[in-house]
Amino acid sequence: MKKIIWGITVLLIMIISIGKFYEEDDVFLNYFLHEFDTTINITSNEHANKNSIIKLEGIAQNNNISFIKSERKPMNGTRERQTLKLYIYLNDVNWFQDSYWNIKINKKENKLNKFSNGEIKSLLTRKKVQLKSFEKMNEVNFSGDYHVRGTEKEINEFVEEINRSKEMTAVIDKSYVVTSGITWKQVVLYMILVGCIISIFVVSCILFNNLISKELAVEGLLGYNNFVLSIRKTIDILLLPSCIGVVGSIAVILLLINAYMNFECVFLMKDIYVAIIKIIAVLFFAEWILLYRKIKSINLIKWLKGYRKYSVRNSKLTKIIVTAITIYFATISVMSYKEYISLRGCLENWRDSKHYTNIACTWSWAYVEDDDKFNNVVAPKLNKLWNQLDNEGGILFFAPNPEYGSTGYDDKYMKDQAFYGKYAYVNDNYLRTTNIVDISGNKINRNTVNENEWIIYVPDELKVSKKDKAKIREDHRFQSLKKENLKEKYIYIKSNQETFSYDTNKRIDRAKVKGYVLVAVRGSDMSPYEGVKLPVLINGQFHPYVLHPEKPYDEIKNIAKKTQAEQFILYSKSVYNEVVDMISSFKIEFIIYLISSILLMIILFISLKLDNDTYYYKNRQKIAVSNLLGYRFYDVHKNRLVSIIKGNIASLIVVCVLIMYPKITGSLDIFEPRDGWANSQIAVNIVIGALFILICSCIELILLLKNENMVTKRLKEGY
């Protein structure tokens, strides 16, 4: 048992420390923002050039300001190691060298910028970090967020001087935070796993403390102070595994950052050490409390007489909660496995999407808050990117409204939409990928959308009403750059034809849509300032075409640079690979629920065993006398059996409530079927829960019979 506690301790320390490392790595820029603690959004009012860069450095020097500007290199998918470029301006290098001892910098004398270049000796990150002089930044990326160091007065004067110039505008962004890519669901799954491991640690400590009760009693007889004894025993149990856990954590983190021979990184793990100290403190405190209570409960006189006392008692409420949680996790493990298997079978349907990619974009929050800035800086560049990718074969499919019966579907709202909301925007490139035919049997991909024109393909079972035409005309005017001389052409197609959506925002098992009205648009005519043009690019409904899906961004990199949109691209990933990753996330979710269920089952079994043993030791004399008098098993243990049945039924009721009212666990983002808990699924879960309750009842009955046989044996042997 001691070795089990050691293993759990090492595992917990490593999981916590590595989890903390990933959290810190995800927001690595914060490492520099401790000094560069004010964010200013600077935009160029004209076309930025090298003179703009030099002028900004001059203004910074006038106001005793240092700053950095970060630039992420777009990635091929989310698994590629990210490159982070930091363009640095320093008016003084001394403070920088003192604050960042792990970075060796070369100075420039008699220059505006005292920073020439930097050599990173050690950094606690998996990212590729490049330090460059601010003058080397491409002027295309001039507008953006600058992280500034200076006093409040110096920063305000810096901003004022920038705004007095005609070339630039500066605004202090007090709401800036480094955003994390870690999702809430990932946090929940991580916390569930950690919580279950801590629970098994506590149960293991309880069992171990019971095993060493005799040793504790002997040391108590020798006169050891209870407080000192409990601390000494706790240190003896946890000190070695804690040290192993710390060393193991450091070794794994050094391997993750490819710095296993660079021991300077060990001194950069302050926040990780704090997390390790906290978890070790929690483990030490938990074991010390359990051990101290155990020592206090030992009656030395009874131990001298040969009796031992089990002080582990579970309240009925605790038992109900543990049983209910175990059943709940067992049921969602089954359901999550079923969902994973069903989605894995859908992967083949997405094979056609291998050569089409999704683009993830990002920009400063200042552009989100200020529409004018967004329209002046971001929108024109993304618009050019959209048009170029459209010319290179990019496809558009965007159904703006939820499908019937899905989450968010509003019947009243749909009645007010054209074609009852069942339509999708497409482009010519998309039509070339489909086999949809018109009522004459001709493929519609032969048609081309002309300037200022929309072609609406309507299933022949539908009638185009005046309301539909009015809504389409209104939408056409809203979506277009030009508001006049617009035309709509309606072509009927055969009903009930299926077409592929390429949309990973929709359900994976519903990749195809059926019976939709297709609104064919011309991308270059659409407005980037309103409507769907830019949202479909950043939300994964417009997909550039690539020949090599393993390196999708490399293929569109030249277009991104040419259109000056590279600074807004985070990564590009094949639609198919994104679906693979989504299915993998369901697999990971199932595995975590399964592991948690197994750990909880172990805890539940131990809890039942201890509870049953406590019952026998508490009532052993009564049970022995009842057996001598010839009472039947049921008569002797009637109250115990009724208590077991009531507790298990209560646990099943709790599980049913959790399943039937998912809002109770909704904020935790614990597993819920994509269609919600249907009646059939609730019924299946109740059956699973009932079987689990039956198994628990049988286990408790077996434990009762086993102890009953032991009592009978002792009576026969004269004990």
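Predicted, not measured: the structure shown is a model, and the values here were computed from it.

Participant: Just to check I follow, could you spell out the overall build of the chain for this structure?
Facilitator: The secondary structure content of the chain amounts to 23 helices and 19 strands. The C-alpha radius of gyration of the chain comes to 34 Å, more than 25% above the 27 Å expected for a compact globule of 719 residues. Summarising its shape, the C-alpha atoms of the chain cover approximately 105 × 80 × 40 Å along the three principal directions. Within the chain, the fraction of its 719 residues that count as buried is 48%.

Participant: Would you mind showing me how to read unusual backbone geometry here?
Facilitator: One can expect most non-glycine residues to show negative phi and most peptide bonds to be in trans. Phi angles above zero are rare outside glycine, and Phe419 is one such case at about 55°. Looking at where Phe419 falls in the secondary structure, it is placed in the loop between helix 14 (411-415) and strand 12 (423-426). Note on Phe419: relative accessible area 8%, which makes it buried. The phi torsion at Asn485 lies on the positive side, around 55°, for a residue other than glycine.

Participant: Would you explain the nonpolar core in this entry?
Facilitator: One broad rule of soluble globular proteins: the nonpolar side chains tend to lie buried together. Within the largest apolar cluster, 71 residues are counted, with the highest numbers of intra-cluster contacts made by Leu124, Tyr328, Ile332 and Tyr593. Of all elements in the fold, only helix 1 (2-26), helix 6 (184-211), helix 8 (226-256), helix 9 (270-297), helix 11 (316-344), helix 19 (575-628), helix 21 (638-660) and helix 23 (679-717) reach the threshold of two or more residues within this core. It is helix 6 that provides the largest number of residues to this core, a total of 13 residues. Among all residues touching Tyr593, those that are not within four sequence positions of it are Leu189, Ile192, Phe329, Ile332, Ser333, Ser336, Ile670 and Phe671. Core analysis: the next-biggest nonpolar cluster, separate from the first, contains 39 residues, Ala379, Leu396, Val458 and Val464 among them.

Participant: Quick question: what am I supposed to make of the sheet that holds strand 10 (residues 357-361) here?
Facilitator: Strands pair in a sheet through their backbones, by hydrogen bonds, and they do so in one of two ways: parallel or antiparallel. Ordered by their spatial adjacency, 3 strands build an open sheet running 3-19-10, and the pairing between neighbours is mixed. Two strands in the sheet have a free side with no partner beyond their single neighbour: strand 3 (75-76) and strand 10. As paired elements, strand 10 and strand 19 (residues 569-574) share 5 bridges and run antiparallel to each other. Among the inter-strand pairings, Cys361 is bridged to a residue of strand 19, identified as Ile569. On top of the sheet, helix 18 (residues 552-562) reaches strand 3, strand 10 and strand 19; it is set at about 135° to strand 19, its chief contact.

Participant: Mind showing me how you'd approach the pattern of salt bridges here?
Facilitator: Close approach of charged atoms allows side chains with opposite charge to pair. Inspection of every chain in the model, using the stated rule, returns 20 salt bridges. A salt bridge links Arg79 to Asp581, with the shortest nitrogen-to-oxygen separation between them at 2.7 Å. Of this pair, Arg79 sits in the loop between strand 3 and strand 4 (83-89) while Asp581 sits in helix 19; the two residues are 502 residues apart in sequence, bridging distant segments of the chain. Ionic pairing is found between Lys471 and Asp416, a salt bridge with its closest N-O pair at 3.7 Å. A residue pair is termed long-range when its members are at least 10 positions apart, and Lys471 in helix 16 (residues 466-479) and Asp416 in the loop between helix 14 and strand 12 qualify at 55 residues. Shared partners join several salt bridges into a network, and the residues in it are Lys20, Glu23 and Glu24.

Participant: I'm lost on the packing of helix 1 against helix 6 in this one. Help?
Facilitator: Helix-helix packing: each pair is described by the crossing angle between the helix axes and the interaxial distance. The interhelical angle for the contact between helix 1 and helix 6, taken along N-to-C directions, is 155°, at an axis separation of 10 Å. Relative to helix 6, helix 1 is oriented roughly antiparallel. Here the hand of the crossing between helix 1 and helix 6 comes out left-handed. Contact residues: Lys2, Ile4, Ile5, Ile8, Thr9, Leu11, Leu12, Ile15, Ile16 and Gly19 in helix 1; Tyr190, Val194, Ile197, Ile198, Ile200, Phe201, Ser204, Cys205 and Phe208 in helix 6. Residues belonging to the contact of helix 1 with helix 6 are distributed by class as follows: 15 nonpolar, 3 polar and 1 charged.

Participant: Is there a simple way to think about the sheet that holds strand 17 (residues 517-520) in this case?
Facilitator: Strand order across the open sheet formed by 6 strands is 14-13-17-12-11-18, with mixed pairing between neighbours. Only two strands of the sheet have a single neighbouring strand rather than two, namely strand 14 (487-493) and strand 18 (542-543). Relative to strand 12, strand 11 (residues 395-398) runs antiparallel, the two sharing 2 bridges. Bridge assignment links Phe397 to a residue of strand 12, and that residue is Val426. Those strands touched by helix 16 are strand 12, strand 13 (453-459), strand 14 and strand 17, and its axis lies near 130° from that of strand 14.

Participant: Quick question: what am I supposed to make of the packing of aromatic side chains here?
Facilitator: The final tally for this structure, using the stated rule, is 33 aromatic pairs. Ring geometry for Phe134 against Tyr146: centres 5.9 Å apart, planes inclined by 70°, an arrangement best described as edge-to-face. With Phe134 in the loop between strand 7 (128-133) and strand 8 (144-149) and Tyr146 in strand 8, the pair connects residues that are 12 residues apart, well separated along the chain. One aromatic cluster in this structure is built from Phe28, Tyr31, Phe32, Phe36, Trp95, Phe96 and Tyr100.

Participant: Just checking my understanding: could you explain the packing of helix 6 against helix 9 for this structure?
Facilitator: Put simply, helix 6 and helix 9 touch, their axes get as near as 10 Å, and they point 35° apart. Relative to helix 9, helix 6 is oriented so that their crossing is right-handed. Along its contact with helix 6, which presents Ile198, Phe201, Val202, Cys205, Ile206, Asn209 and Asn210, the element helix 9 presents Ile279, Leu283, Ala286, Glu287, Leu290, Leu291 and Lys294. Here the contact of helix 6 with helix 9 is composed, by residue class, of 10 nonpolar, 2 polar and 2 charged.

Participant: Please explain the environment of Trp350 as it appears in this structure.
Facilitator: Mapped onto the elements, Trp350 comes out in the loop between helix 11 and strand 10. Between the C-alpha atom of Trp350 and that of Val579, which follows or precedes it by 229 residues, the distance is 7.8 Å. The contact partners of Trp350, leaving out residues within four places of it in the chain, are Phe500, Tyr502, Asp503, Thr504, Arg507, Ile508, Ala511, Val575, Tyr576 and Val579.

Participant: For this particular structure, what's the right way to read helix 18?
Facilitator: Working note: α-helix, 3.6 residues per turn, so residues spaced by three or four point in the same direction. Among all positions in helix 18, only Pro552, Tyr553, Ile556, Ile559 and Ala560 are buried. For helix 18, the angular spread of buried residues about the axis comes to 120°, placing them on one side. Along helix 18, the residues that are exposed and aim more than 90 degrees away from the buried face are Asn558 and Lys562. In the segment just after helix 18, Gln564 is the residue with positive phi, at about 60°.

Participant: Any chance you could explain a nonpolar patch on the surface here in plain terms?
Facilitator: Residues Ile645, Ile649, Ile653, Val657, Met660, Tyr661 and Ile664 make up a contiguous nonpolar surface patch of roughly 680 Å² in combined accessible area. Top element by residues in the nonpolar patch is helix 21. It accounts for 5 residues. Following the sequence through the fold, Tyr661 ends up in the loop between helix 21 and helix 22 (663-666). Judged by relative accessible area, which is 52%, Tyr661 ranks as exposed.

Definitions and limits used
- Residues numbered from 1 in each chain as written.
- Predicted model: local features only at pLDDT ≥ 70, side-chain atom pairs only at ≥ 80, totals over all residues.
- Heavy atoms only, no water.
- Helix = DSSP H or I, 4+ residues; strand = E, 2+ residues; numbered from the N terminus.
- Rg over C-alpha atoms; globule rule 2.2 N^0.38 Å.
- Buried < 20%, exposed > 50% of the residue type's maximum accessible area, 1.4 Å probe, protein only.
- Core = buried A, V, L, I, M, F, W, Y, C linked by side-chain atoms within 4.5 Å.
- Contact = heavy atoms within 4.5 Å.
- Pairing = 2+ DSSP bridges.
- Axes fitted to C-alpha atoms, helices over the stretch in contact; angles between N-to-C directions.
- Salt bridge = Lys/Arg side-chain N within 4 Å of Asp/Glu carboxyl O.
- Parallel < 35°, antiparallel > 145°, perpendicular 65-115°, else oblique.
- Left-handed = near helix turned anticlockwise from the far one by under 90°.
- Nonpolar A, V, L, I, M, F, W, Y, C, P; charged D, E, K, R; others polar.
- Phe/Tyr/Trp six-rings, centres within 6.5 Å; stacked < 30°, edge-to-face > 60°.
- Arc of directions from axis to C-beta.
- Patch = residues over 30% accessible without salt bridge, like charges linked within 9 Å, V, L, I, M, F, W, Y side chains within 5 Å.
- Areas by Shrake-Rupley, 256 points an atom, 1.4 Å probe, with all protein chains shown as cover.

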